[in-house]
Amino acid sequence: MSLPALFVVGAGTEIGKTYTTAALVRRLREQGRRVRALKPLASGVPPLDHPDFAESDTGRLLAAQGLAVTPETVAACSPWRFAAPLAPDLAAAREGRSLSLTELVDWCRARLAEADAGETVVIEGVGGLMSPITEAATGLDWLKSQKIPALLVSGSYLGAISHALTAVETLRAHDVPLTGIVVSESPEAPTSVETVAGQIARHAGVPVGCLTRGGAFPADLPVLG
Ligand SMILES: Nc1ncnc2c1ncn2[C@@H]1O[C@H](COP(=O)(O)OP(=O)(O)OP(=O)(O)O)[C@@H](O)[C@H]1O
Ligand SMILES: C[C@H](N)[C@H](N)CCCCCC(=O)O
Ligand SMILES: [Mg+2]
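Residues numbered from 1 in each chain as written. Chains lettered and ligands numbered in written order. Predicted model: local features only at pLDDT ≥ 70, side-chain atom pairs only at ≥ 80, totals over all residues. Heavy atoms only, no water.

Visitor: Teacher, can you tell me more about the site of ligand 1 here?
Guide: Taken together, 17 residues lie near ligand 1, and Thr 13, Lys 17, Thr 18, Tyr 19 and Gly 214 sit nearest. A distance of 3.0 Å is found between an oxygen atom of ligand 1 and a backbone nitrogen or oxygen belonging to Gly 16. At 2.7 Å, a backbone N or O of Gly 214 approaches a nitrogen atom of ligand 1. Contact with the protein chains hides 78% of the accessible area of ligand 1, taken as 620 Å² for the molecule alone. (Near = heavy atom within 4 Å. Polar contact = N/O pair within 3.5 Å; in protein donor to acceptor, adjacent residues only side chain to side chain. Areas by Shrake-Rupley, 256 points an atom, 1.4 Å probe, with all protein chains shown as cover.)

Visitor: Can you walk me through unusual backbone geometry in this structure?
Guide: Outside of glycine, negative phi angles account for most residues, and trans bonds account for most peptide bonds. Notably, Glu 14 is not glycine yet its phi reads approximately 55°, a positive angle. In this fold, Glu 14 is placed in the loop between strand 1 (5–10) and helix 1 (17–30). Note on Glu 14: relative accessible area 76%, which makes it exposed. One non-glycine residue, Asp 175, lies in the positive phi region at around 60°. In this fold, Asp 175 is placed in the loop between helix 7 (160–173) and strand 7 (178–184). (Helix = DSSP H or I, 4+ residues; strand = E, 2+ residues; numbered from the N terminus. Buried < 20%, exposed > 50% of the residue type's maximum accessible area, 1.4 Å probe, protein only.)

Visitor: Is there a simple way to explain the UniProt feature "binding site: Mg(2+)" (unreviewed entry) in the chain in this structure?
Guide: Per the UniProt record, "binding site: Mg(2+)" (unreviewed entry) is found at Thr 18, Asp 57 and Glu 124. Despite a sequence span of 107 residues, these residues sit close together in the fold, their greatest C-alpha distance being 9.1 Å. Among the secondary structure elements, Thr 18 is positioned in helix 1. Following the sequence through the fold, Asp 57 ends up in helix 2 (residues 57–64). Excluding its chain neighbours within four sequence positions, the residues that come into contact with Asp 57 are Thr 18, Lys 39 and Glu 124. (UniProt positions renumbered as here; feature names shortened; annotations may be inferred. Contact = heavy atoms within 4.5 Å.)

Visitor: Whenever I open this one, the site of ligand 2 confuses me. Can you help?
Guide: Around ligand 2 sit Thr 13, Glu 14, Ser 43, Pro 85, Leu 86, Ala 87, Gly 127 and Ser 131, and those are all the residues in its vicinity. A distance of 2.6 Å separates a nitrogen atom of ligand 2 from a polar side-chain atom of Glu 14. Within the complex, 67% of the 390 Å² of free accessible area of ligand 2 lies under protein. Per-class residue counts for the shell around ligand 2 are three nonpolar, four polar and one charged. (Nonpolar A, V, L, I, M, F, W, Y, C, P; charged D, E, K, R; others polar.)

Here you go:
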């Protein structure tokens, strides 16, 4: 199995997990490293031939990897896709489908196991750390089962500090290794992203980096071994 691998989790939804994951993929590729980005479970995904597909998580992660959108590349990145922009269990129910945590974890394990030596695998979670993914399981259960370190993504909106620190405490309570935190600048935040990152860093006890609007992955954040 390749190492390192990273699981990108959010302190909330729509705060920059995909943006951060894509920025990390680009950074690693610039460094000449091989990287595979996965968004195994995605809700709010339009059909492949829809003009908005490129803006979906899967579309953005394929673009960051330099991959075209084809039925094969999409299925290899995001095998579980649902149309409704809801928690995955609800989105699946709208389509008369259901999800199995075991199948999801096994699929990810297989991708980690088949990765070449020297290849980095980055998995983006869904929603916030404890967003429901099946009727019984949350994203935290998924992350714990996967047994790879987490990278936490936070916003810089008012309230983000508490959301980020609550997620840090939850990860700690569940013995999930946390490699660092990326604060992705939120639109119309009342203070600078650096200020928010500084506040989070004072309490989090792990490296914290800033990702400004439209910016690149923070150069000073050591997230991979
Ligand atoms: N640092 C940033 N610079 C520019 N745009 C950003 C940044 N962070 C997030 N965005 C934009 O904000 C929106 C939400 O971000 P993103 O899709 O990365 O969130 P997410 O946490 O992955 O959401 P989800 O829970 O749906 O997976 C996207 O349009 C994204 O491009
Ligand atoms: C549609 C959205 N962008 C995500 N794909 C799913 C977010 C689920 C959040 C559920 C919750 O924690 O309340
Ligand atoms: Mg995303």
